[in-house]
Amino acid sequence: MNILGRCTTNVPVLNYLFSTILVNMKLMKVDCLVCGKPTSATHMGMDACRACTVFYKRNHRKRDKLKCGYGKRVCMDDTRSNVFNCRKCRIARFEMVMRSGGIDTSPSSSPPLLLENNNNNNNNDNNNNRSAKALSSFRRTSELTLRGIEIDPADASDEQYELIPSSYRLMNEGMKVLVVGLFEFASSTFAEFRTLQNAEKWLLIRNYHRCFFCMDAALRSLRRFGKRFDNLYGSYTTKISLDTIDDFFADCPDPSTVPAAAKAFRSRWHANVPKLRALIRKVNPTDDEFLAIIGLAFWSFEGLQTSDNLEELGVRYRAEFTTALSDHYRATIGVEKGAIRIGVLLCMQQLFKIAEMELKSDYEIYHIMGAFDDETLTFTVQ
């Protein structure tokens, strides 16, 4: 179901979508489709254990030289025992599983790009821009709907709506909407995301959602409030300022923690906001550059325990995003200036990632204080 292509005005539907994602994205073991043994990670875009995947990569080129150990080619149907003892049928079963899942194993298969400078790929470029705009419209419309504000779908792309002061509850609702939207955004933007095991989809979204929010909110703050903005987005349709921090925590799980939590928030504000404000103002990325940055961020998961397949996808996507930027700059500002610009964008991405990690530590502190609890989505989804 494409939830970004239309604007929902049904609050129960939003809650249902989110609860469904949580249920479906539980980290659970599944049986390898090749050998039947339990595995908690996907490889090559399907539920295959590491042992079978490594075996296939090392031996598939020998398939024509191998013979079935039982002579009848029936051992590939027994996933519990015989398949491990017959190399010929183990390879055949692996390839049968790949074909049944519709996985493209050709060397020339390549992921689509968020940013393309090739005129022959204008349709992909337009589709990806539409996906990003659809995500924004979904977040805006859904947040307003949760507050009881109806909006005409024709006005869903209009940014000229009144921002209200953010609060713990509004932030939590906004994060719920963002997580739901990011699953659909990733599915519509990255074709191979749809082939991943549920646990790995959830891993990517958990690693990405807060970094995406920070970069998106900073750029939108610059564009809405100007170079001297003193407000930040608390969610897509709410704002936070130094004057409203106490009010932000007023509806938190334990109101007695408001003074301590607000003090910690102000400390982080003074430490980070001026730097990030100056950074985003100086870089001031274009829409195409921002699409490339969020694409790089999505496929950047250093330090996480991931499958070989996911690692390979990450390397491929990051390389192609960088190449697409290089091609774009070569045709516009030249190779030398383009290389400098890419360096600036990558540095900005890393600085936002650092800020996001510090924010994660702050959430741990709020949780210890009692300002956040186990129902606080932005704390639990990490």
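**Student:** Looking at this structure, I do not really get the overall build of the chain. What am I missing?
**Tutor:** When you go through the chain residue by residue, the secondary structure sums to 13 helices and 5 strands. Looking at the chain alone, contacts between residues at least 24 apart form 68% of all its contacts between residues at least 6 apart. Accessible area of the chain: about 18700 Å², with a carbon and sulfur share of 52%.

**Student:** Explain helix α2 (residues 50-59) here, please?
**Tutor:** For an α-helix, 3.6 residues make a turn, and residues three or four places apart therefore share a direction. For α2, every residue scored as buried is listed here: C52, T53, F55, Y56 and N59. Angular distribution of buried residues about the axis of α2 spans 160°; they occupy a single face of the element.

**Student:** It is not clear to me how the packing of helix α6 (residues 168-189) against helix α7 (residues 198-225) should be interpreted in this structure. Could you clarify?
**Tutor:** Two quantities define a packed helix pair, namely the angle between the helix axes and the distance between the axes. Running from N to C, α6 and α7 point in directions that differ by 125°, and their axes come no closer than 10 Å. Judged by the angle between their axes, α6 and α7 are oblique. In the crossing of α6 with α7, the sense of the turn from one axis to the other is right-handed. Facing α6, whose interface residues are M175, L178, V179, L182 and F183, α7 presents K201, W202, I205, Y208, H209, F212 and F213.

**Student:** Any chance you could explain the sheet that holds strand β4 (residues 232-235) here in plain terms?
**Tutor:** What links the strands of a sheet is backbone hydrogen bonding, and the strands pair in either a parallel or an antiparallel sense. The 3 strands are arranged β3-β5-β4 in an open sheet whose pairing can be described as mixed. Of all the strands in the sheet, the pair left with one neighbour each is β3 (164-165) and β4. Where β3 lies against strand β5 (residues 238-240), 2 bridges are found, and the strand directions are parallel. Looking across to β5, one finds that P165 is bridged to K239.

**Student:** Would you mind showing me how to read the nonpolar core here?
**Tutor:** In this structure, F193, F298 and W299 are the most contacted members of the largest nonpolar core, which totals 55 residues. The biggest single contributor to this core is α7, with 14 residues. One finds I240, F248, C252 and V273 within the second-largest nonpolar core, a separate group that totals 18 residues.

**Student:** Would you take a moment to explain the packing of aromatic side chains for this structure?
**Tutor:** Working definition: an aromatic ring pair is given by the centre-to-centre distance plus the angle between the planes. This model, assessed by the stated rule, comprises 21 aromatic pairs. Measuring from centroid to centroid gives 5.2 Å for F190 and Y317, while their planes differ by 80°, and the two rings are edge-to-face. With F190 in the loop between α6 and α7 and Y317 in helix α11 (residues 308-330), this pair connects stretches of sequence that are 127 residues apart. There is no split in this pair, since F190 and Y317 are both buried.

**Student:** Teacher, can you tell me more about the packing of α7 against helix α12 (residues 335-369) here?
**Tutor:** Direction vectors running N to C along α7 and α12 enclose 115°, while the axes themselves pass 9 Å from each other. Accordingly, the angle class assigned to the pair α7 and α12 is roughly perpendicular. Here the hand of the crossing between α7 and α12 comes out right-handed. Residue-level inspection shows N207, R210, C211, C214, M215 and A218 of α7 in contact with α12, the latter providing F352, K353, E356, L359, K360 and Y363. When the residues that make up the contact of α7 with α12 are grouped by side-chain class, the tally is 7 nonpolar, 1 polar and 4 charged.

**Student:** Help me understand the pairing of β4 in this model?
**Tutor:** When β4 meets β5, the two strands line up antiparallel, connected through 3 bridges. Looking at β5, one finds that Y233 is bridged to K239. Between β4 and β5, which pair antiparallel in sequence order, lie 2 residues.

**Student:** Is there a simple way to think about the state of the cysteines in this case?
**Tutor:** Defined simply, a disulfide is a covalent bond joining two cysteines at their sulfur atoms. Under the defined criterion, the tally for this structure stands at 0 disulfides. With no disulfide of its own, C35 lies 3.7 Å from the sulfur of C52, the closest cysteine sulfur.

**Student:** Help me understand the environment of T189 in this model?
**Tutor:** Along the chain, T189 falls in helix α6. Of the residues examined, T189 reaches a relative accessible area of 3% and is grouped as buried. Through-space distance from the C-alpha of T189 to that of R130 is 9.5 Å; in sequence the pair is 59 residues apart. A polar contact is formed between the side chain of T189 and the backbone oxygen of F185, at a distance of 2.7 Å.

**Student:** I tried to follow the pattern of salt bridges on my own but got confused; where do I start?
**Tutor:** Once the charged atoms of two side chains with opposite charge are near each other, the side chains can pair. Within this structure, the stated rule accounts for 12 salt bridges. Among the ionic pairs, R316 bridges to E192, the shortest N-O distance being 3.5 Å. Remark: E192 occurs in the loop between α6 and α7 and R316 occurs in helix α11; sequence separation between them is 124 residues. In this structure, R268 and D362 form a salt bridge, with 2.7 Å as the shortest nitrogen-oxygen distance.

About the cut-offs
- Residues numbered from 1 in each chain as written.
- Predicted model: local features only at pLDDT ≥ 70, side-chain atom pairs only at ≥ 80, totals over all residues.
- Heavy atoms only, no water.
- Helix = DSSP H or I, 4+ residues; strand = E, 2+ residues; numbered from the N terminus.
- Contact = heavy atoms within 4.5 Å.
- Areas by Shrake-Rupley, 256 points an atom, 1.4 Å probe, with all protein chains shown as cover.
- Buried < 20%, exposed > 50% of the residue type's maximum accessible area, 1.4 Å probe, protein only.
- Arc of directions from axis to C-beta.
- Axes fitted to C-alpha atoms, helices over the stretch in contact; angles between N-to-C directions.
- Parallel < 35°, antiparallel > 145°, perpendicular 65-115°, else oblique.
- Left-handed = near helix turned anticlockwise from the far one by under 90°.
- Pairing = 2+ DSSP bridges.
- Core = buried A, V, L, I, M, F, W, Y, C linked by side-chain atoms within 4.5 Å.
- Phe/Tyr/Trp six-rings, centres within 6.5 Å; stacked < 30°, edge-to-face > 60°.
- Nonpolar A, V, L, I, M, F, W, Y, C, P; charged D, E, K, R; others polar.
- Disulfide = S-S within 2.5 Å.
- Polar contact = N/O pair within 3.5 Å; in protein donor to acceptor, adjacent residues only side chain to side chain.
- Salt bridge = Lys/Arg side-chain N within 4 Å of Asp/Glu carboxyl O.

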